[in-house]
Amino acid sequence: MLDSTPTPKAARRGLILINTGPGKGKTTAALGTALRAAGNGMRVLILQFLKGSWHYGELDAAATLNTALEADAGGETGSAPTQHFVIRQLGRGFVKVGGAQTDPEDIRMVEAAWAEAAAAILSGDWDLVVLDEINYAIGYKMLSPEAVAEVLRRKPEMVHVILTGRNAHPLLVELADTVTEMREVKHAYQRGILAQRGIEF
Ligand code: ATP
Ligand code: MG
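So, here is what we can say about the structure in this document.

**A closer look at the sheet that holds strand 2 (residues 44-48)**
Then step 1. Strand order in the open sheet formed by six strands is 3-2-4-5-1-6, and the pairing between neighbours is parallel. Only two strands of the sheet have a single partner each, and these edge strands are strand 3 (85-89) and strand 6 (178-181). When the angles between neighbouring strand axes are averaged without regard to direction, this sheet yields 10°.
Then step 2. In this sheet, strand 5 (residues 160-164) lies alongside strand 1 (residues 16-20) in parallel orientation, the contact comprising four bridges. If you follow Ile18 over to strand 5, its bridge partner there is Leu163.

Given below as structure tokens:
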């Protein structure tokens, strides 16, 4: 008999998701998914490529949430606390790019960020790893899409990975399970309204 119900193996698996496109919402959608995952008891690591000069509200929210989740888990098991919801900024903000203009220090930081990201994905210690703004690092030719694809192909089966940033590389789009393109209808910035606390940072 034909049965359209997915098998348990097909029902639970790690996904590769990409939030791309010119409209606002790529990082905020990833943060929303991260919150959802954390609420399901999953361990979430968010690595922010190229960011570092601004202080984002999510850093403080994550620290507070992590402390609460650790206290919860410790109370139940009595075991040593493990990290549950962590955001790390692995850059220094604005990056000057274009051939010889790209500062070698920024390239070094992206390489270090990628080494940390690859290790985190492959370790299986995290249920969801968000690679925030990684598409820009790839677009600026600071990171090879093949290297990223190679790690994604051999990630532990249950690990979810989200990549954000405009102009996602076609190789990664091909590899991903779910790709969402944010379309800009309009943005406050076009009317000269600057970034707003709590909405943009
Ligand atoms: P957000 O972090 O708000 O979800 P994003 O991740 O989609 O934005 P990025 O390319 O990472 O977008 O750019 C981050 C910053 O640029 C944010 O302050 C965001 O509001 C702003 N921004 C995003 N899209 C636009 C746009 N179409 N026009 C002007 N500013 C934008
Ligand atoms: Mg973003």
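More follows now that the structure is in view.
**Examining the side chain of Thr164**
Then step 1. One can find Thr164 in strand 5.
Then step 2. Classification of Thr164 by relative accessible area gives buried; the value is 0%.
Then step 3. At 2.8 Å, the side chain of Thr164 forms a polar contact with the backbone nitrogen of Glu133.
Then step 4. If near-sequence neighbours (up to four positions away) are discounted, Thr164 is found in contact with Asn19, Lys26, Thr27, Ala30, Leu131, Asp132, Glu133, Ile134 and Asn135.

**Considering the coordination of the magnesium ion (ligand 2)**
Then step 1. In this structure, Thr27 (OG1) and Glu133 (OE) serve as the protein donors to the magnesium ion (ligand 2), at separations of 2.1 to 2.2 Å. Taken as a pair, Thr27 in helix 2 (residues 26-39) and Glu133 in the loop between strand 4 (128-132) and helix 5 (134-139) lie far apart in primary sequence, 106 residues in all. Glu133 shares its class with Thr27; the two are buried.

**Some details on the pattern of salt bridges**
Then step 1. Here the structure, examined in full by the defined rule, presents ten salt bridges.
Then step 2. Linking Asp127 and Arg43 is a salt bridge whose minimum nitrogen-to-oxygen distance equals 3.0 Å. Highlighted residues: Asp127 in the loop between helix 4 (104-123) and strand 4 and Arg43 in the loop between helix 2 and strand 2, separated in sequence by 84 residues.
Then step 3. For the salt bridge of Glu105 with Arg108, the shortest nitrogen-to-oxygen distance reads 3.0 Å. With Glu105 and Arg108 both in helix 4 and three residues apart, this pair spans about one turn of that helix.
Then step 4. For Glu105, a relative accessible area of 30% puts it in the partly exposed group.
Then step 5. One salt-bridge network, held together by shared partners, links Lys51, Asp132 and Glu133.

Quick notes on the rules
Residues numbered from 1 in each chain as written. Chains lettered and ligands numbered in written order. Predicted model: local features only at pLDDT ≥ 70, side-chain atom pairs only at ≥ 80, totals over all residues. Heavy atoms only, no water. Pairing = 2+ DSSP bridges. Helix = DSSP H or I, 4+ residues; strand = E, 2+ residues; numbered from the N terminus. Axes fitted to C-alpha atoms, helices over the stretch in contact; angles between N-to-C directions. Buried < 20%, exposed > 50% of the residue type's maximum accessible area, 1.4 Å probe, protein only. Polar contact = N/O pair within 3.5 Å; in protein donor to acceptor, adjacent residues only side chain to side chain. Contact = heavy atoms within 4.5 Å. Donors = N, O, S within 2.8 Å, 3.2 Å for Na, K, Ca; no water. Salt bridge = Lys/Arg side-chain N within 4 Å of Asp/Glu carboxyl O.

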